[in-house]
Amino acid sequence: QQRGSYLLLDLSVQLSLASLSPKLSYGYTKMNISKSGYRVFSANSSTASTELAKRITERLGVELGKSVVFQEGNRETKVDVKESVRGQDIFIIQTIPRDVNTAIMELLIMAYALKTSCAKNIIGVIPYFPYSKQCKMRKRGSIVCKLLASMLAKAGLTHIITMDLHQKEIQGFFTFPVDNLRASPFLIQYIQEEIPDYRNAVIVAKSPSSAKRAQSYAERLRLGLAVLHGEAHHSESDMADGRQSPPLSRTSTGHTGLELPIMMAKEKPPISVVGDVGGRIAIIIDDIIDDVEDFVAAAEILKERGAYKIYIMATHGLLSAEAPRLIEESAIDEVVVTNTVPHEIQKLQCPKIKTVDVSMILAEAIRRIHNGESMAYLFRNIAVDD
């Protein structure tokens, strides 16, 4: 009789749990749904730098995350996240203004704050990746780009979305995924829609090192290609590499070593144009336009060779120092850059500077990463050399 009562009790408990199981499973599912959301934050302390973040959130149909990023009296950066991020995918949009080092510290501190707040994934959206030109060893220097990649990983980032890295091999510096998006579809569309008679244009590489990028544009637009070569441009490949150790001159009483062949110094020929630009529109292609002296010199040579209009297309318009004034006074007709870097002040100083919005592809990358969709659609028709 006692055993039968235990069986009845056990059966009643099982029936009670069975009746509650749908509610329990429903509550568990709801908890997962609430945790699977995402937030988009801006790590910039300056208002001008948050413009791209606002455009991206408008396209996504979400609000910009509530946070405060500011500089204290002693110039230390402080970040205060004003909402819960536990268990969510967090996207940090960081555009790089002129104060590069401050922007990097803002990004690192915000990423670490989100990491310690139990965010599920922290994805950095860095359209222009700083220090990307310092990706090779120069004498006794350092590969600063590799150092920055390690710092971002240590701060808590798990993924990066960027655009047109200066060298694609930079992706190998990271221990987590990097999506290197391309701005070329937007710039090509601008050429087709905004440049009258673009069929009479020729794509120009201002140095042999940028010929591959220019060739990609020329093949897609079915246009000719010209390359500038000569002393007006000092490319990275011409800078001395290696550590030059031991020093070139020293006094020693011991063994002098083997007599090695002496490498002859390079001597650049006068600047020349490989290709025909006479009576055509010249479109110079590059990834970064910062100091514009080389571009101004290239425009003068192209004018002398018969080009009647000069356009410059670049992804990242840093436009440092006296760039707006030099562009305004030069033979360049128009400079077209994307909004990966804020440059509203430079546009006010020089009406020749035009902007192409790339927030659409950045917003789509955020949506696909959060939903776990393939990123291949954003890289369609992009070859290995592009």
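Throughout this document, residue positions are counted from 1 along each chain, in the order its sequence is written. For a predicted model such as this one, the threshold for reporting local features is a pLDDT of at least 70, and the threshold for listing and counting side-chain atom pairs is 80 or more; totals across whole chains, interfaces and linings nevertheless cover every residue. Each side-chain value is derived from all of the structure's non-hydrogen atoms; neither hydrogens nor water enter the calculation.

- Looking at an unreviewed UniProt entry, the protein carries the name Phosphoribosyl pyrophosphate synthetase associated protein 1, with the source organism given as Neogobius melanostomus.
- In its Sequence similarities (unreviewed entry) section, the UniProt entry covering the protein states "Belongs to the ribose-phosphate pyrophosphokinase family." UniProt positions are given in the numbering used here, feature names are shortened, and annotations may be inferred rather than shown by experiment.

1. Some points on unusual backbone geometry
Part 1: The residue Tyr 131 is not glycine, and still its phi comes out positive at about 60 degrees.
Part 2: Only DSSP runs of H or I covering at least 4 residues are called helices, and only runs of E covering at least 2 are called strands; the numbering of each starts at the N terminus. Here Tyr 131 is to be found in the loop between β5 (121–126) and α4 (144–155).
Part 3: Classification of Tyr 131 by relative accessible area gives partly exposed; the value is 26%.
Part 4: Positive phi outside glycine occurs at Asp 197, with the angle close to 55 degrees.
Part 5: The residue Asp 197 is located in the loop between α5 (184–194) and β8 (201–205) in this model.
Part 6: Asp 197 gets classed as partly exposed once you look at its relative accessible area, which sits at 48%. Only protein chains enter the calculation, and the probe is 1.4 Å; a residue is then buried if its accessible area is under 20% of its type maximum, exposed if over 50%, and partly exposed in between.

2. Section: the sheet that holds strand β7 (residues 178–181)
Strand pairing in a sheet takes place through backbone hydrogen bonds and is either antiparallel or parallel in direction.
Part 1: Spatially, five strands are ordered β1-β4-β5-β6-β7 in an open sheet, and the strand pairing comes out parallel. Two strands in the sheet have a free side with no partner beyond their single neighbour: β1 (38–42) and β7. When strand polarity is set aside, the average angle formed by the axes of neighbouring strands in this sheet is 15 degrees.
Part 2: By this definition, two strands are paired if DSSP reports at least two bridges between them. Direction of pairing for β1 relative to strand β4 (residues 89–93): parallel, over a ladder of five bridges. Bridging across to β4, Phe 41 finds its partner in Ile 92. The axes used here are C-alpha line fits, helices contributing only the stretch in contact, and every angle between their N-to-C directions lies in the interval 0 to 180 degrees.

3. Details of the packing of aromatic side chains
Part 1: The criterion for an aromatic pair is that two Phe, Tyr or Trp rings (for Trp, the six-membered ring) have centres within 6.5 Å, with stacked assigned to planes under 30 degrees apart, edge-to-face to planes over 60 apart and tilted to the rest. Tallying each qualifying case throughout the model produces three aromatic pairs.
Part 2: Linked through ring pairs, Phe 129, Phe 174 and Phe 176 together constitute an aromatic cluster.
Part 3: For a lysine, the NZ atom is tested; for an arginine, the CZ atom; a charge sits over a ring if that atom is within 6 Å of the ring centre and within 35 degrees of the ring normal. One Lys or Arg, Lys 206, reaches over the ring of Phe 295 and ends 4.8 Å from the middle of that ring.
Part 4: Lying over the aromatic face of Tyr 377, Arg 380 brings its terminal NZ or CZ to 4.1 Å of the ring centre.

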